[in-house]
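# Fold and contact review
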Amino acid sequence: MKVLLYGLMLFASCGVVSPARVFKTLSHLKAQMNDDVQTAAVQDLLRRLIGDRADEFSVTVDSTLAGKEGLDTYRLSSLQGGRVEVVGSTGVAAATGCYSYLKYYCGCHISWSGVQLQVPSPLPPVKNPVIVKTSNRFRYYQNVCTSSYSFVWWNWDRWEKEIDWMALNGINMPLAFTGQEAIWQRVYLSLGLKQSELDEFFTGPAFLAWGRMGNIHTWGGPLPSSWMERQLYLQYKILNRMRSLGMITVLPAFAGHIPQGILRVYPKVNVTKLGGWAGFNCTYSCSYVLDPEDPIFQKIGGLFMREMIKEFGTDHIYNADTFNEMTPTSSDPDYLSAFSGAIFNSMVKVDPGAIWLMQGWLFVNCPTFWKPAQIKALLHGAPIGRMIVLDLSAETVPVYTMTESFYGQPFIWCMLHNFGGNHGLFGQVDCVNKGPFEALSFPNSTMVGTGITPEGIEQNDVVYELMNELSWSSRPLNLTQWITGYSDRRYGESNPKAQAAWQILLWSVYNCSQIWKDHNHNTLVRRPSLRMRTDICFNKTEFFEAWKLMLDASSTLAKSRTFLYDLVDVTREAVMLLMTKYYLNIVIAYETQSLENLMIAGGTLVYELLPDLDALLSSQPQFLLGRWLEAASLMATTEEEVALYDMNARNQITLWGPTGNILDYANKQMGGLVRDYYRKRWSLFVQYLVESLNTEVPFHQEKFNLAVFQVEKGFIFNGKTYSPHPSGNTLEIAKKIFLKYYP
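This report concerns the structure included in the present document. Computed from a predicted structure; not experimentally measured. (Residues numbered from 1 in each chain as written. Predicted model: local features only at pLDDT ≥ 70, side-chain atom pairs only at ≥ 80, totals over all residues. Heavy atoms only, no water.)

## Remarks on the overall build of the chain
Per the secondary structure count, the chain includes 28 helices and 17 strands. For the chain, the C-alpha atoms occupy an extent of roughly 75 × 75 × 50 Å along the three principal directions. Taking all 743 residues of the chain together, 63% fall into the buried category. Counting only contacts in the chain whose residues sit at least 6 apart along the sequence, the fraction spanning at least 24 positions is 76%. When the accessible surface of the chain is totalled, it reaches about 27500 Å², and 53% of it is carbon and sulfur. (Helix = DSSP H or I, 4+ residues; strand = E, 2+ residues; numbered from the N terminus. Buried < 20%, exposed > 50% of the residue type's maximum accessible area, 1.4 Å probe, protein only. Contact = heavy atoms within 4.5 Å. Areas by Shrake-Rupley, 256 points an atom, 1.4 Å probe, with all protein chains shown as cover.)

## Re unusual backbone geometry
Looking along the chain, the bond that leaves Ser121 and enters Pro122 is cis, with omega of 0°. The omega torsion of the bond from Gly221 to Pro222 falls at 0°, within 30 degrees of zero and hence cis. Within the secondary structure, Pro222 sits in the loop between α9 (208-212) and α10 (225-244). Within the chain, Glu404 stands out as a residue other than glycine whose phi angle is a positive 50°. Along the chain, the position of Glu404 falls in helix α16 (residues 404-407). The class for Glu404 is exposed, based on a relative accessible area of 58%.

## What about α10?
Its 20 residues give α10 an end-to-end C-alpha distance of 29 Å, which sits within 8% of 28 Å, the value for a rise of 1.5 Å per residue. Of the residues trailing α10, Gly246 is marked for its positive phi of about 90°. (Expected span 1.5 Å × (residues − 1).)

## Describing the state of the cysteines
Under the counting rule described, the total for this entry stands at two disulfides. Between the sulfur atoms of Cys282 and its disulfide mate Cys286 the distance is 2.0 Å. Between Cys282 and Cys286, the S-S dihedral sits near -75°, and the bridge is therefore left-handed. Its relative accessible area of 42% is what places Cys282 among the partly exposed residues. Once the disulfide-bonded cysteines of the chain are ranked by sequence position, their pairing pattern turns out to be 1-2, 3-4. Here Cys108 stays unpaired: no disulfide links it, and the sulfur of Cys106, its closest cysteine neighbor, is 5.2 Å away. For Cys366, which is in no disulfide, the shortest distance to another cysteine sulfur is to Cys286 and amounts to 17 Å. (Disulfide = S-S within 2.5 Å.)

## Considering the pattern of salt bridges
Tallied over the entire structure, the rule returns 36 salt bridges. Where Arg48 meets Asp164, a salt bridge forms, and the shortest distance between an N and an O atom there is 2.7 Å. Taken together, the residues Arg48 in helix α3 (residues 35-50) and Asp164 in helix α6 (residues 156-168) connect sequence positions 116 residues apart. In this structure, Lys720 engages Asp676 in a salt bridge whose closest nitrogen and oxygen atoms are separated by 2.8 Å. Of this pair, Lys720 sits in the loop between α27 (701-716) and α28 (730-741) while Asp676 sits in helix α26 (residues 673-695); the two residues are 44 residues apart in sequence, bridging distant segments of the chain. Salt bridges linked by common partners bring Arg48, Glu160, Asp164 and Arg241 together as one network. (Salt bridge = Lys/Arg side-chain N within 4 Å of Asp/Glu carboxyl O.)

## Describing the pairing of strand β3 (residues 84-88)
When a strand is regular, its side chains alternate between the sheet's two faces. The element β3 is extensively covered by neighbouring structure, given that five of its five residues are classed as buried. Every second residue of β3 is oriented toward a common face, with Val84, Val86 and Gly88 on one face and Glu85 and Val87 on the other, all of them buried. Relative to β3, strand β1 (residues 57-61) runs parallel, the two sharing five bridges. Within β3, the position partnered with Thr60 by the bridge is Val87. Following strand β2 (residues 73-78), the chain reverses through five residues before pairing antiparallel with β3; Gly81 in that reversal takes a positive phi of roughly 95°. (Pairing = 2+ DSSP bridges.)

## So, the environment of Leu232
Position of Leu232 among the secondary structure elements: in helix α10. On the accessibility criterion, Leu232 (7% relative accessible area) is buried. As a C-alpha pair, Leu232 and Glu311 span 79 residues in sequence and 9.4 Å in three-dimensional space. When neighbours within four sequence positions are excluded, Leu232 is seen to be in contact with Gly179, Ala182, Ile183, Arg186, Glu311 and Phe312.

## A few points about helix α12 (residues 295-312)
For the α-helix, the turn length of 3.6 residues means that residues three or four positions removed from each other point alike. An ideal rise of 1.5 Å per residue puts 26 Å on 18 residues; α12 measures up with 26 Å between its terminal C-alpha atoms. Residues Ile296, Phe297, Gln298, Ile300, Gly301, Gly302, Phe304, Met305, Met308 and Phe312 constitute the buried set of α12. With a side-chain oxygen positioned 2.9 Å from the backbone nitrogen of Ile296, the residue opening α12 is Asp294. Just past α12, the residue Gly313 takes up positive phi, approximately 70°. (Polar contact = N/O pair within 3.5 Å; in protein donor to acceptor, adjacent residues only side chain to side chain.)

## Remarks on the packing of aromatic side chains
The full count for this structure, using the stated rule, is 59 aromatic pairs. When the centroid spacing of 5.6 Å and the interplanar angle of 90° are considered together, the rings of Phe685 and Phe699 count as edge-to-face. With Phe685 in helix α26 and Phe699 in the loop between α26 and α27, this residue pair connects regions lying 14 residues apart in the sequence. No difference in accessibility class separates Phe685 from Phe699, as the two residues are buried. Residue placement shows Arg158 over the ring face of Trp154; its charged tip is 4.0 Å from the ring centre. (Phe/Tyr/Trp six-rings, centres within 6.5 Å; stacked < 30°, edge-to-face > 60°. Lys NZ or Arg CZ within 6 Å of the ring centre and 35° of its normal.)

## Topic: the sheet that holds strand β11 (residues 271-273)
If you trace the three strands from one edge of the open sheet to the other, you get β10-β12-β11, paired in antiparallel fashion. With one partner strand each, in any of the chains shown, β10 (257-258) and β11 form the two edges of the open sheet.

## Focus on the sheet that holds strand β13 (residues 317-319)
With respect to topology, eight strands assemble into an open sheet ordered β8-β7-β17-β16-β15-β14-β13-β9, the strand pairing being parallel. What marks the edges here is a single partner per strand, and that holds for β8 (173-174) and β9 (251-252). Direction of pairing for strand β7 (residues 138-141) relative to strand β17 (residues 447-452): parallel, over a ladder of four bridges. Counterpart to Phe138 in the pairing with β17 is Gly449. Against the sheet, helix α17 (residues 429-440) makes contact with β16 (411-415) and β17, and its axis sits at roughly 170° relative to β16, the strand it touches most. (Axes fitted to C-alpha atoms, helices over the stretch in contact; angles between N-to-C directions.)

## A word on the side chain of Gln231
Within the secondary structure, Gln231 is located in helix α10. When sequence neighbours within four positions are dropped, the list of residues in contact with Gln231 reads Thr178, Gly179 and Met635.

## Let's talk about the side chain of Gln142
Mapped onto the secondary structure, Gln142 falls in the loop between β7 and α5 (146-149). According to the relative accessible area criterion, Gln142 is buried, its value standing at 2%. A distance of 2.9 Å separates a polar atom in the side chain of Gln142 from the backbone oxygen of Leu175. Discounting residues that sit within four places of it in the chain, Gln142 has contacts with Phe151, Trp159, Met166, Pro174, Leu175, Ile452 and Thr453.

Have a look at this one:
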């Protein structure tokens, strides 16, 4: 409670806390490795990227370049003999400088969907030295859900590429959550819990994110010991590489959620049982939360912190999210302050320099509970300046404006953008372009950084490229100019048709100014019904014009891998619009009792459009169900694990729970999945409607739901294998779809 009182006294005595005073409390959050180690790490990164051409660069890390403010800085210049010199204040800054040169002098591009690295020879000169400095200390990366929606089946090769991507894009504060279950197991076994009790506590691999936040337990498990061991050793590599590049890694901390087995070992412990989460009953939810005043709280939190720091070392910043999408049992400010005070105290008792990083999603998710008094109480459980709040979805619902800059606590302006790792073109580029600068100029702003916090990655590269560049900019960008350069770099040449397509895409589908909660739930990926939303946040005619322009550009860009990816992505989105058209025709035919029109629209949808879409998706590796399932199977060490991981992988992207608890939330448009999951659902839907008209018995949604659930469940356990390798000619398939369906 001393920590809690100190925080409240500090806020009360200062009135409006000076942002500069707050920022001093974060000055120890910095790169831990020396300049030589970071220099070598960036040199290695550059060699992985461009091979022997890396010898044409002189890369150095010089921490003094950051100056007294400690803001990351890089300098570009040319040396005699044609070499390019890149100096950065950290490894991340130097790597960002390298990518900035490759991007703006060499016309290169690096993204999740592919790279374009046609580096000119000789290297273009930097005529006058260029110095770039960030406006903020931190560039944060990841949502706590990303570890499950995207990273779950990654091996070291994939992690290495991602860490390279982080450094090249200037990210210096990534979440590092891998491997923590091995530490938790060690802690709870030392307290006297049985392995069987931990088997009931941990979820399966694909659902660990929500087990860590106390939303669910058990589902998808038991978690094999081999998984925990392999993830532990993977974490060593991840942390070593991140730190060698000068990143400040965010480790997990104790948030108060416990296994039920604690009640057996400590029968007098003071706990609260929360309600179910997101449609889960107490078989898999209803977490136990320790009372903040119970001494066991500090015991568990301290044990975990000590074990974790002993294992991994520390950069002094820790994430803990309590009450994430879970309503506290009390709205009393004293209780909420005591709870957050207990979390912070469990950190600082082990690491006196601890900083607590908290996702601010709970304030967006349940605004009816989190009123000013409750938010202030939770935030002031830690001393001012010892907590950083992630304004998690600031591009749509900025919380800093409603909380006087989080009532004095430092915050990071974040772009969330993606839910569930869904496919679907979407963005709010105008809000993203202006938002961070508006937050920085907000009265008494305590903003200390920017961040990208998608629930899932490997989609919509353009949005993330923009956000990462803005983190190094002092003002909003001219987006019209920027998108033209983006197109040229991405494809390795200037193509007027592609440029025109991207201009349309930028100001239509990528500039949905309103909050669009269902942008990731188009008609295809929702369980069919007669009452589905079909509105969109952009002009359909304009989008179809962009689709046509992309196909026109294929005459010269067909050899570009990034172009072929984009052609699939844009064509896929066009098919989603066509899907809605056929769906509406089906509804109209049913309501007007036109069996002929129903069979025409339904037949075209089920037997033509969806097979065409599946063939298109199957032609590019990034859109293959087989890749997702293969990655899961490669993590297994036994046949039993193969089956468990396969179920986890399939369930997450479909039913999300035993009974469709969060049905289709993590939907993906993948080759194989469209054919054997979505198409079968829509086929059954059309079949039920035809039967309804033939028998003159009204369509009953609940009866259909029971039947289609068997189809959904059947996909998870069908035992069918899917190729991880693409098939078919992307360009030919895309042209076929265009000629067949273009309105």
